Amino acid sequence: MLKLSIRRMAVADGTQFPFTPDVERTTAPAWEKVKRQVTPMEWRQQAPLIAEINRLKRAKNAVILAHNYMTPEIFHGVGDYVGDSLGLAKEAARSDAKIIVQAGVHFMAETSKILSPEKTVLIPDLLAGCSLASSITGADVRLIKQRYPGVPVVTYVNTTADVKAETDICCTSANAVQVVEQAAREWGVDRVILIPDEFLARNVARQTPIKIIAWQGRCEVHERFNREDILELRAAYPGAEILAHPECPTEVIELSDFTGSTAAMNDYVITRKPKQVVMITECSMADNVAADAPDTEFVRPCNLCPHMKRITLENIYESLAYDRYEVTVDPAIADRARLAVQRMVDLPPPPIPARYDLVKARHHVDVELI
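Residues numbered from 1 in each chain as written. Predicted model: local features only at pLDDT ≥ 70, side-chain atom pairs only at ≥ 80, totals over all residues. Heavy atoms only, no water.

1. Overview of the packing of aromatic side chains
- Within the structure shown, the criterion is met by three aromatic pairs.
- A centroid spacing of 4.8 Å and a plane angle of 35° characterise the contact between Phe258 and Tyr268, whose relative ring orientation is tilted. With Phe258 in strand E12 (residues 258–259) and Tyr268 in helix H13 (residues 262–272), this residue pair connects regions lying 10 residues apart in the sequence. Of the two residues, Phe258 and Tyr268, both sit in the buried class. (Phe/Tyr/Trp six-rings, centres within 6.5 Å; stacked < 30°, edge-to-face > 60°. Helix = DSSP H or I, 4+ residues; strand = E, 2+ residues; numbered from the N terminus. Buried < 20%, exposed > 50% of the residue type's maximum accessible area, 1.4 Å probe, protein only.)

Next up, the structure:
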């Protein structure tokens with residue numbers, strides 16, 4: 001139990017929420033999840049707002065989609081559905097809720113709107129963008145298709161709606177190899193355009209005989225990791241298992257023990273229960289997995305996503321309380337984008353989610369950069 005003291009969380013409109021015995025009781029399950037990442041003093045500030053957000057959700061028939069990169073008090077405190085961006089959007093589409101609050105970035109909110117056009121989709125901060133999504137536009141894709149007629153375009157879900165609308169089929173990091181090979185079979189070709197993440201494309205190319213044409217987009221979180229970082233970690237923590245995201249440079253993948261999507265990394269830790277692990281991805285990912293892996297020690301040489309960190313408990317509350325800020329997608333764009341997403345969703349799940357490390361890698365495979 002926390003020692004009760006009179007603490008009040010205030011939000012921008014001046015409303016204050018005290019830490020009361022009732023708040024302590026209703027937020028106790030979340031506290032059990034986060035108490036290794038959040039101090040008791042912090043929790044006395046956060047818990048009243050968590051309780052109020054959860055009350056507002058019930059009153060307004062709303063759900064909160066909390067991405068893996070949200071901080072623990074959001075992820076475990078107010079998230080109704082948690083996970084990667086596409087999984088969140090699919091869960092929201094199955095929900096009976098009228099309002100979706102996207103605790104993530106703008107392209108994720110667009111994807112939720114594409115899959116749930118009849119629902120109100122809110123994002124707590126309009127400036128929560130993405131370096132990867134902003135690296136390419138629909139106009140860019142139209143030019144690419146003119147340059148490579150007849151070559152199918154596979155687009156990572158981490159893109160805007162107008163890019164998805166110009167796409168033949170979408171993919172995630174978990175199924176990118178499967179989608180690339182399916183597109184090549186369906187179009188009867190031996191090469192596929194895979195955009196916009198250059199490193200994901202390079203890592204996919206090492207797993208398949210299909211030739212890859214790639215765009216020079218990058219995630220500003222994952223591109224900052226390099227070979228020297230991993231070598232230093234190996235020296236400092238020789239017993240640690242190193243897990244990397246496929247948006248990392250290939251030199252990082254080559255030195256990691258396992259590389260896969262956020263969901264795959266989470267499953268790796270939960271099922272294998274390593275004694276010590278390093279997750280080469282966004283900082284909050286490790287914090288959130290750690291709540292369900294109490295026997296694993298997490299080394300945290302992570303990078304923060306400045307866009308994800310724009311989402312806070314305070315602006316989630318304001319988004320719910322004042323219906324701020326609604327995300328819309330032009331219906332003509334949404335219909336075409338939905339087709340690309342649905343083609344991916346209709347594929348059977350891969351028997352084993354893609355792992356991009358050296359277990360299957362074909363060496364010395366390069367991509368054609370646009």
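2. Describing the sheet that holds E12
- An order of E12-E11-E13-E14 is seen for the four strands of this open sheet, with the pairing classed as parallel. Among the strands making up the open sheet, the edge pair consists of E12 and strand E14 (297–299).
- Of the strand pairs in this sheet, strand E11 (residues 241–244) and strand E13 (residues 276–280) are connected by four bridges, and their pairing is parallel. Paired with Leu243 across the two strands is Met279, which belongs to E13. (Pairing = 2+ DSSP bridges.)

3. Quick look at helix H7 (residues 138–147)
- Residues of H7 that are buried: Gly138, Val141 and Ile144. Looking straight down H7, one finds its buried side chains confined to an arc of 110°; they lie on one side. Exposed residues pointing more than 90 degrees away from the buried face of H7 are listed as Leu143, Gln146 and Arg147.
- Looking at the buried side of H7, the elements it contacts are strand E7 (153–156), helix H8 (161–164) and strand E9 (191–195). (Arc of directions from axis to C-beta. Contact = heavy atoms within 4.5 Å.)

4. Quick word on the packing of helix H5 (residues 85–94) against helix H6 (residues 106–115)
- The geometry of H5 relative to H6 is characterised by a closest axis approach of 9 Å and an angle of 35° between their N-to-C directions. Here H5 runs over H6; the crossing is right-handed. Facing H5, whose interface residues are Ser85, Leu86, Ala89, Lys90 and Ala93, H6 presents Phe107, Met108, Thr111, Ser112 and Leu115.
- A per-class count over the contact of H5 with H6 returns six nonpolar, three polar and one charged. (Axes fitted to C-alpha atoms, helices over the stretch in contact; angles between N-to-C directions. Left-handed = near helix turned anticlockwise from the far one by under 90°. Nonpolar A, V, L, I, M, F, W, Y, C, P; charged D, E, K, R; others polar.)

5. Things to note about the pattern of salt bridges
- Scanning the entire structure with this criterion turns up 24 salt bridges.
- In this structure, the salt-bridge partner of Lys35 is Glu32, at a minimum N-O distance of 2.9 Å.
- Overlapping salt bridges, with partners in common, bring together Glu198, Arg202, Arg218, Glu223 and Asp366 in one network. (Salt bridge = Lys/Arg side-chain N within 4 Å of Asp/Glu carboxyl O.)

6. Examining the side chain of Asp287
- Following the sequence through the fold, Asp287 ends up in helix H14 (residues 283–290).
- Of the polar contacts made by the side chain of Asp287, one reaches the side chain of Arg300; its length is 2.7 Å.
- What Asp287 contacts, discounting residues up to four positions off in sequence, is Gln37, Pro72 and Arg300. (Polar contact = N/O pair within 3.5 Å; in protein donor to acceptor, adjacent residues only side chain to side chain.)

7. Regarding the nonpolar core
- Membership of the largest hydrophobic core comes to 96 residues, with the highest contact counts inside it found for Trp43, Ile53, Ile74, Val204 and Phe298.
- Here the element with the most residues in this core is helix H3 (residues 40–60); it accounts for seven residues.
- Of all hydrophobic cores here, the second largest spans 12 residues; its members include Ala244, Ile253, Val278 and Val299. (Core = buried A, V, L, I, M, F, W, Y, C linked by side-chain atoms within 4.5 Å.)

8. Digging into the environment of Leu304
- In this structure, Leu304 sits in the loop between E14 and helix H15 (313–322).
- Of the residues examined, Leu304 reaches a relative accessible area of 48% and is grouped as partly exposed.
- For the pair Leu304 and Asp80, spaced 224 residues apart in sequence, the C-alpha to C-alpha distance is 23 Å.

9. Looking at H3
- With 21 residues, H3 should reach 30 Å at 1.5 Å per residue; the first-to-last C-alpha distance of 30 Å fits that figure.
- Following H3 by one or two positions, Asn61 has its phi on the positive side, about 55°. (Expected span 1.5 Å × (residues − 1).)

10. Focus on the environment of Lys57
- Here Lys57 shows up in helix H3.
- Taking the C-alpha atoms as reference points, Lys57 and Tyr317, 260 residues apart in sequence, are found 9.6 Å from one another.
- Leave out the neighbours within four places in its chain, and Lys57 touches Ala62, Ile64, Val78, Asp80 and Leu320.
- Side-chain polar atoms of Lys57 contact the side chain of Asn54, separated by 2.9 Å.

11. Considering the side chain of Ser112
- Structurally, Ser112 is set in helix H6.
- A polar contact is formed between the side chain of Ser112 and the side chain of Gln102, at a distance of 2.7 Å.
- In contact with Ser112, other than residues within four places in its own chain, are Leu65, Ala89, Gln102 and Val121.

12. Points about the confidence of the model for the protein
- For the protein, the average pLDDT comes to 91, and 93% of its residues sit at 70 or higher.
- Within the protein, strand E1 (residues 8–10) has the poorest average pLDDT of any element, 57, and E9 the best, 98. (pLDDT = per-residue confidence, 0-100.)

13. Considerations on the sheet that holds strand E10 (residues 211–214)
- With parallel pairing, five strands are arranged side by side in an open sheet as E8-E7-E9-E10-E15. Where the open sheet ends on each side, the last strands, each with one partner, are strand E8 (169–171) and strand E15 (368–369).
- With four bridges connecting them, E9 and E10 associate as parallel partners. Residue pairing for E10: Ile193 is matched across the bridge by Ile213.
- Against the sheet, helix H9 (residues 176–187) touches E7, E8, E9 and E10, its axis set at about 160° to E8.
- In the packing of helix H10 (residues 198–205) onto the sheet, the strands contacted are E7, E9, E10 and E15, and the crossing angle to E10 comes to about 175°.

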